[in-house]
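Coordinate analysis (summary)
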Amino acid sequence: MSNESKSNSLSAFESLESNVRFYSRSFPVVFAKAAGAILHDENGCEFIDFLSGSGVLNYGHNDPYFLDEATQYLRSNGMIHGLDMATPAKRNFMECFDAIILRPRGLKYKFQFPGPTGANAVEAALKLARNATGRHGVISFTNGFHGMSLGALAVTGNRYYRDAAGIPPAGVAFMPYDGYWGPDDDTSEYLDKVLADASSGVDLPAAIIMETVQAEGGINPARKEWLQSIERICRNHGILLIVDDIQAGCGRTGNFFSFDFAGLSPDIVLLSKSLSGSGLPLSLLLLKSELDVWRPGEHSGTFRGNNLAFVTGAAALRKYWTNDRLSARVTETGRIISERLHQVSQSNRANRLSVRGRGMMLGLDCGTGELAERIVRKAFEEGLVVERCGAEDQVIKVLPPLTIDEQTLQRGLDILHKSVQARA
Ligand SMILES: *Cc1c(COP(=O)(O)O)cnc(C)c1O
């Protein structure tokens with residue numbers, strides 16, 4: 001395709017859509033169709049998807065079973081919108097989630113469906129934690145990412161986003177995440193100490209909000225023992241533990257919840273992104289019943305729960321979580337990707353590339369944002385969609401659908417490898 005027709009096809013976006021648009025700049029084509037791990041632009045060019053809608057499409061694009069369920073529901077005149085009224089779709093989703101995910105883990109939670117985005121869930125969780133404890137402060141971690149609305153931004157570390165708030169994002173103390181001072185330091189000891197010290201200047205917070213693998217913050221996996229320490233500290237000090245599993249959950253790290261491997265029992269769990277399975281917006285707070293201090297309608301809204309998303313979300317639970325096959329596959333695929341990324345880094349010693357992550361949440365740290373950008377640009381020219389993360393956008397975030405077939409995966413990894421060789 002000529003450069004001219006490429007820019008023509010994007011000119012409407014340049015003239016009509018706000019400057020705020022982002023991904024259409026990184027991937028300057030018009031994406032028209034998608035199936036599994038493959039995207040097609042409107043000229044029919046094919047791309048391999050190592051972005052997965054930033055973790056929304058863990059089960060790939062347009063899973064035929066989810067589409068069938070959704071189509072059948074639409075054809076049956078099933079409720080599409082019903083505020084937060086009771087519907088069979090919602091009942092079935094909650095019952096499936098309880099039976100397939102919660103009960104086998106010995107977990108018991110109430111469900112709250114806030115607005116459809118991840119940030120909506122974060123806002124609801126912070127508000128609930130404040131109301132339930134009567135305290136207003138929150139602790140978050142360095143490099144944490146929780147969304148763009150004011151409350152979510154206040155617990156997000158990244159200065160580029162914080163600077164856009166327009167008012168000072170307040171009420172939050174940031175503590176060092178696991179590994180912040182290198183692998184030998186246990187930063188949870190610092191947290192424990194400042195909370196115990198009546199003169200540390202850190203007030204007792206309502207809640208601690210954390211990711212178990214920081215995604216946008218640069219693919220930083222916390223160690224099991226560190227996560228367990230944070231939970232213990234919360235219990236000892238009467239602080240609520242909120243796990244933001246919006247990106248790391250729904251199987252990305254191998255188990256349904258990213259904290260399963262550490263056996264945590266958070267007070268509040270946040271899910272969104274891949275929760276509907278199909279890419280439809282849906283977000284959920286799981287909260288311990290003793291925290292359910294909401295009065296009816298106190299945290300209200302128009303789009304709370306999304307019936308079509310409930311239908312595909314329940315289908316995803318039935319298809320992938322009633323046995324261990326997907327979990328095993330994620331562990332195996334994650335191992336393949338990780339080995340390959342280690343090969344890539346070893347064949348480019350001059351640039352000191354490094355690999356980290358857990359399950360299929362993996363990153364290639366390029367040291368500088370500039371190098372990572374050159375590599376992902378080249379990869380896109382070669383037909384691979386992959387994005388960057390981290391404080392300086394220095395980490396290439398490798399996030400293919402969990403269901404990607406081995407051949408497509410290898411093709412994608414070949415492109416990434418060649419792009420590193422060409423640009424590093
Ligand atoms: C994406 C994300 C959010 C925010 O979700 P939105 O739908 O973009 O509002 C919050 N927390 C984490 C960990 C995320 O990855």
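From a predicted model like this one, the values you see are computed outputs, not experimental measurements. The written sequence of each chain sets the order in which its residues are numbered from 1. Per-residue local features of the predicted model are confined to residues with pLDDT of at least 70, and side-chain atom pairs are confined, for both listing and counting, to 80 or more; whole-chain, interface and lining totals are unaffected and use all residues. The side-chain numbers reported here are obtained from all heavy atoms of the structure, hydrogens and water having been left aside.

1. Some details on the pairing of strand S1 (residues 31–35)
Sheet analysis places S1 next to strand S2 (residues 38–41), joined by 4 bridges and oriented antiparallel. What sits directly across from Ala35, in S2, is Ile38. Only when DSSP finds a minimum of two bridges between them are two strands counted as paired. Where helices and strands are cited, they refer to DSSP runs of H or I of at least four residues and of E of at least two residues respectively, numbered from the N terminus.

2. Some words on the domain arrangement of the protein chain
According to the domain assignment, the protein chain consists of domain 1 (4–63 + 325–423) and domain 2 (78–320). Placing a centre on the C-alpha atoms of domain 1 and another on those of domain 2 gives a separation of 26 Å. Contact between two residues is taken to exist if any of their heavy atoms lie within 4.5 Å; hydrogens are not considered. Between domain 1 and domain 2, the residue contacts involve 31 residues of the former and 31 residues of the latter. Between domain 1 and domain 2 lies a buried interface of about 2,500 Å² when both sides are counted; carbon and sulfur atoms form 51% of it. Of all residues in domain 1, the largest losses of buried area upon contact with domain 2 belong to Tyr59, Arg358 and Met361, amounting jointly to 35% of the total for that side. Between Lys or Arg on one side and Asp or Glu on the other, a salt bridge is scored when a side-chain nitrogen of the former is within 4 Å of a carboxyl oxygen of the latter. The tally of links from domain 1 across to domain 2 stands at 2 salt bridges. Residue Asp63 is joined to Lys319 by a salt bridge in which the shortest nitrogen-to-oxygen separation is 2.9 Å. All the domain ranges listed were derived from an automatic or database domain assignment. Note: buried area is the sum, over both parts, of the accessible area (probe 1.4 Å) each one loses when the two are combined.

3. Overview of the pairing of strand S17 (residues 395–398)
On S17, burial covers both faces: Val395 and Lys397 on one face and Ile396 and Val398 on the other are all buried. With 4 bridges connecting them, strand S14 (residues 361–365) and S17 associate as antiparallel partners. When the bridges of S17 are listed, Asp365 appears paired with Val395. Where strand S16 (residues 387–389) meets S17, 3 bridges bridge the pair, whose relative direction is antiparallel. Residue Arg388 lies in a different strand from S17, and its bridge partner there is Ile396. Turn length for the S16-S17 hairpin, with the two strands adjacent in sequence and antiparallel, is 5 residues, and the turn residue Gly390 shows positive phi of about 100 degrees. The rule is simple: take the accessible area with a 1.4 Å probe, protein chains only, and divide by the maximum for that residue type; under 20% is buried, over 50% is exposed, in between is partly exposed.

4. Concerning the site of the ligand
The ligand sits among Thr117, Gly118, Ala119, Phe145, His146, Gly147, Glu211, Asp244, Ile246, Gln247 and Lys273. With respect to the ligand, the backbone of Ala119 contributes an N or O atom lying 2.8 Å from an oxygen atom. Two N or O atoms count as a polar contact when they lie within 3.5 Å, although within protein this holds only if one can serve as hydrogen donor and the other as acceptor, and sequence-adjacent residues are included solely when both atoms are side-chain atoms. A distance of 2.7 Å is found between an oxygen atom of the ligand and a side-chain nitrogen or oxygen belonging to Gln247. Throughout, the ten residues Ala, Val, Leu, Ile, Met, Phe, Trp, Tyr, Cys and Pro are labelled nonpolar, Asp, Glu, Lys and Arg are labelled charged, and all others, Gly among them, are labelled polar. Considered class by class, the residues forming the shell around the ligand number 3 nonpolar, 5 polar and 3 charged. Only heavy atoms are used to decide nearness, and a residue is near a molecule or strand if one of them lies within 4 Å of it.

5. Let's talk about a nonpolar patch on the surface
Patch membership is restricted to residues that have no salt bridge and whose relative accessible area is over 30%. Joining uses 9 Å for like charges and 5 Å for the nonpolar side chains Val, Leu, Ile, Met, Phe, Trp and Tyr. Areas reported here follow the Shrake-Rupley algorithm with a probe of radius 1.4 Å; residue values treat only the protein chains shown as occluding. Together, Tyr180, Trp181 and Tyr190 make up a nonpolar patch on the protein surface, roughly 360 Å² of accessible area in all. Relative to the helices and strands, Trp181 is located in the loop between strand S6 (172–175) and helix H9 (187–196).

6. Overview of the nonpolar core
Counting residues in each nonpolar core, the largest one holds 88 residues, and the members touching the most others are Phe93, Phe97, Phe256, Phe257, Leu271, Leu286 and Ile396. Each of domain 1 (4–63 + 325–423) and domain 2 (78–320) contributes no fewer than three residues to this core. Those residues in contact with Ile396 that lie beyond four places of it in its chain are Leu362, Gly363, Leu364, Cys366, Ala372, Ile375, Val376, Val386, Glu387, Arg388 and Leu416. Residue types Ala, Val, Leu, Ile, Met, Phe, Trp, Tyr and Cys, when buried and joined through side-chain atoms within 4.5 Å, form a set referred to as a nonpolar core. Grouped together as the second largest cluster of nonpolar side chains are 23 residues, Leu126, Val138, Ile246 and Leu270 included.

7. Points about the sheet that holds strand S12 (residues 284–287)
Here we have 7 strands laid out as an open sheet, ordered S4-S12-S11-S10-S7-S5-S6, and mixed in their pairing. Two strands lie at the open edges of the sheet, namely strand S4 (110–112) and S6, each paired on one side alone. Each neighbouring strand pair of the sheet contributes to a mean axis angle of 20 degrees, computed without reference to strand direction. Summarising the sheet, S4 and S12 pair through 3 bridges and their orientation is antiparallel. Looking at S12, one finds that Phe111 is bridged to Leu286. Sheet strands in contact with helix H10 (residues 224–237) are strand S5 (138–141), strand S7 (207–210) and strand S10 (240–244), and its direction is about 165 degrees off that of S7. Axis lines are fitted to C-alpha atoms, over the contacting stretch for helices. Their N-to-C directions set the angle, which ranges from 0 to 180 degrees.

8. A closer look at helix H6 (residues 118–133)
How far a helix is expected to stretch is found by multiplying one less than its residue total by 1.5 Å. Taking 1.5 Å per residue as the helical rise, H6 with its 16 residues ought to reach 22 Å, and the 23 Å between its terminal C-alpha atoms agrees with that figure. Just downstream of H6, Gly134 is the residue with a positive phi angle, here 75 degrees.

9. A few points about unusual backbone geometry
If you check the backbone angles, Asn62 has positive phi at about 50 degrees while not being a glycine. Relative to the helices and strands, Asn62 resides in the loop between helix H3 (52–55) and helix H4 (64–75). You will see that Ile219, though not glycine, has its phi angle at about 55 degrees, which is positive. Examined against the element boundaries, Ile219 turns out to sit in the loop between strand S8 (213–214) and strand S9 (220–221). Judged by relative accessible area, Ile219 falls into the buried class, the value being 0%.

10. A closer look at a negative patch on the surface
His is not counted, nor are the chain ends, whereas Lys and Arg count as positive and Asp and Glu as negative. Here the site of a charge means atom NZ of a Lys, CZ of an Arg, CG of an Asp or CD of a Glu. Among the surface-exposed residues, Asp184, Asp185, Glu189 and Asp192 lie close enough to one another that they form a single negatively charged patch. Relative to the assigned elements, Asp184 resides in the loop between S6 and H9.

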